[in-house]
Amino acid sequence: MRFFYPVKKEYRLRVIASGNSAAEQATKYRVRDGVLPVLARTPFDTAAVRAAAHAVDPTARVRLGVLRFGGYASPALEIALGAGKGRNWWGVLFPDACGLPDGPVMFRSWIVMLLKGWGWL
């Protein structure tokens, strides 16, 4: 059981290769390396991510949404290259890439929220 959880959400990055050949996998990593500097900006802009991905591979499709994996749903930025049938790369974007302010991340305690709801705090 988690007693504390961050106020802001995390984002995941998924880059899907067109296929599994060595050249297609190398393109996947070049696209990833091309968009990471754009994602480091606070907050990131999907149009800028799309432009960075297209600079490496013009067939790149960029989608921002909620993706499901392993029974867990998370906000994610997905970049599919070509047919999007190859192996993929997943990564978690750190809070500074998600538009969070510099400095400490604020946490909420569900116990404190419960006690306040009951009027005990």
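What counts as what
Residues numbered from 1 in each chain as written. Predicted model: local features only at pLDDT ≥ 70, side-chain atom pairs only at ≥ 80, totals over all residues. Heavy atoms only, no water. Helix = DSSP H or I, 4+ residues; strand = E, 2+ residues; numbered from the N terminus. Expected span 1.5 Å × (residues − 1). Buried < 20%, exposed > 50% of the residue type's maximum accessible area, 1.4 Å probe, protein only. Arc of directions from axis to C-beta. Contact = heavy atoms within 4.5 Å. Pairing = 2+ DSSP bridges. Patch = residues over 30% accessible without salt bridge, like charges linked within 9 Å, V, L, I, M, F, W, Y side chains within 5 Å. Areas by Shrake-Rupley, 256 points an atom, 1.4 Å probe, with all protein chains shown as cover. Salt bridge = Lys/Arg side-chain N within 4 Å of Asp/Glu carboxyl O. Core = buried A, V, L, I, M, F, W, Y, C linked by side-chain atoms within 4.5 Å.

1. Overview of helix α1 (residues 22-39)
In this model, α1 (18 residues) spans 26 Å end to end at C-alpha, consistent with the 26 Å of a helix rising 1.5 Å per residue. Restricting attention to buried positions, one finds in α1 the residues Gln-25, Thr-27, Lys-28, Val-31, Arg-32, Val-35, Val-38 and Leu-39. Taken end-on, α1 shows its buried residues confined to a sector of 150 degrees, consistent with a single buried face. Exposed side chains of α1 directed beyond 90 degrees from the buried face belong to Ala-22 and Ala-23. The elements touched by buried residues of α1 are β2 (11-16), α2 (46-56), β4 (72-80) and β5 (88-93).

2. What to know about the pairing of β2
Pairing geometry for β2 and β5, over 6 bridges, is antiparallel. Looking at β5, one finds that Val-15 is bridged to Trp-89. Where β2 and β4 come together, 5 bridges link them in parallel fashion. Bridge pairing links Arg-14 to Glu-78 in β4.

3. Some words on a nonpolar patch on the surface
Together, Val-112, Leu-114, Trp-118, Trp-120 and Leu-121 make up a nonpolar patch on the protein surface, roughly 570 Å² of accessible area in all. Here Leu-114 shows up in helix α3 (residues 110-117).

4. Focus on the pattern of salt bridges
Enumeration over the complete set of coordinates arrives at 3 salt bridges. A salt bridge links Arg-14 to Glu-78, with the shortest nitrogen-to-oxygen separation between them at 3.1 Å. Pair noted here: Arg-14 is in strand β2 and Glu-78 is in strand β4, with a separation of 64 residues, a long-range link. Glu-78 sits in the buried class, given a relative accessible area of 13%. With a shortest N-O distance of 3.0 Å, Asp-33 and Arg-32 are connected by a salt bridge. Through salt bridges with shared partners, a single ionic network connects Arg-14, Arg-63 and Glu-78.

5. A short note on the nonpolar core
Judged by nonpolar contacts, the single largest core of 15 residues is most densely connected at Leu-13, Val-31, Val-35, Leu-39, Val-49, Ala-53 and Ile-79. Secondary-structure elements contributing two or more residues to this core are β2, α1, α2 and β4. When residues in this core are grouped by element, the largest group, 4 residues, is from α1. What Val-49 contacts, discounting residues up to four positions off in sequence, is Val-35, Val-38, Leu-39, Val-62, Leu-77 and Ile-79.

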